[in-house]
Amino acid sequence: QVHLVESGGGLVQAGDSLRLSCAASERADTGDAMAWFRQAPGKEGEFVAAFRWSDGKTFYGSSLKGRSVISMDNVNNTLYLQVNILKPEDTAVYYCAADHPAAGPYNTDRLWLYWGQGTQVTVSS
């Protein structure tokens, strides 16, 4: 079983950038992909991005496409999400997920096996 710990959230101003981190306790149990989702107050969870270990491909949802970059540090088993030009509507809890049963698509949250506790991102206008 893998334990996921997110960090890097906080209170920022519109236009700022953040880099979120997700440290995985065990690479072997993360499956072939890891991902970021987010959930804003009163809204459904939303797919942000995924990284596939086997070929290094990345996948992005529509919400942060063009303003975010997902990457992986293979040595430290840490997944990152760089988010630029933050907007107030990006305010949400950002969650890391691991171990997906298929090679994609990755945008269905209920298919991911492991989740972190989330990190809050609040963007002020």
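Above: the structure in question.
Quick caveat, the model's predicted, so the values are computed rather than measured. (Residues numbered from 1 in each chain as written. Predicted model: local features only at pLDDT ≥ 70, side-chain atom pairs only at ≥ 80, totals over all residues. Heavy atoms only, no water.)

## What to know about the nonpolar core
Filter applied, for reference: Throughout this description, the term nonpolar core refers to a set of buried Ala, Val, Leu, Ile, Met, Phe, Trp, Tyr and Cys residues connected via side-chain atoms within 4.5 Å. Three exposure classes are used, based on accessible area relative to the maximum for each residue type with a 1.4 Å probe and protein chains only: buried under 20%, partly exposed in between, and exposed over 50%. Every helix listed is a DSSP run of H or I at least four residues long, and every strand listed is a run of E at least two residues long, numbered separately from the N terminus.
Leu4, Met34, Trp36, Leu79, Leu81 and Tyr94 are the most contacted members of the largest nonpolar core, which has 28 residues in total. Counting only elements with at least two residues in this core, the list comes to β3 (18–24), β4 (33–39), β5 (45–52), β7 (68–73), β8 (78–83), β9 (92–98) and β11 (119–124). Residues Ala35, Phe37, Ala97 and Trp112 belong to the second largest nonpolar core, which totals eight residues.

## Remarks on the environment of Asn84
Let me state the cut-off plainly: Residues count as neighbours in contact if any of their non-hydrogen atoms are within 4.5 Å of one another. N or O atoms closer than or at 3.5 Å make up a polar contact, with two conditions inside protein: a donor-capable atom paired with an acceptor-capable one, and, for residues adjacent in sequence, both atoms drawn from side chains.
Looking at the element boundaries, Asn84 is found in the loop between β8 and β9. Among the residues examined, Asn84 registers a relative accessible area of 26% and is labelled partly exposed. Sequence separation between Asn84 and Val69 is 15 residues; the distance between their C-alpha atoms is 8.7 Å. With near-sequence residues (within four places) excluded, Asn84 lies in contact with Asp16, Ser17 and Arg67. Separated by 3.1 Å, the side chains of Asn84 and Ser17 make a polar contact.

## Regarding the state of the cysteines
Two cysteines, two sulfur atoms, one covalent bond between them: this is a disulfide. Where we set the bar: When two cysteine sulfur atoms lie within 2.5 Å, the pair is treated as a disulfide.
Counted according to the given criterion, the structure contains one disulfide. Across a sulfur-sulfur distance of 2.0 Å, Cys22 and Cys96 are joined as a disulfide pair. The disulfide joining Cys22 to Cys96 has a torsion of about -75° about its S-S bond and is therefore left-handed. On the criterion of sequence distance, the pair formed by Cys22 in strand β3 and Cys96 in strand β9 is long-range, its members being 74 residues apart. Of the two residues examined, Cys22 and Cys96, each falls in the buried class.

## Digging into the environment of Arg67
One can find Arg67 in the loop between β6 (58–60) and β7. Taking relative accessible area as the criterion, Arg67 reaches 12% and is therefore assigned buried. Along the chain, Arg67 and Gln13 lie 54 residues apart, while their C-alpha atoms are 15 Å from each other. Excluding its chain neighbours within four sequence positions, the residues that come into contact with Arg67 are Gln82, Val83, Asn84, Ile85, Leu86, Lys87 and Asp90. Only 2.9 Å separates the side chain of Arg67 from the backbone oxygen of Ile85, close enough to count as a polar contact.

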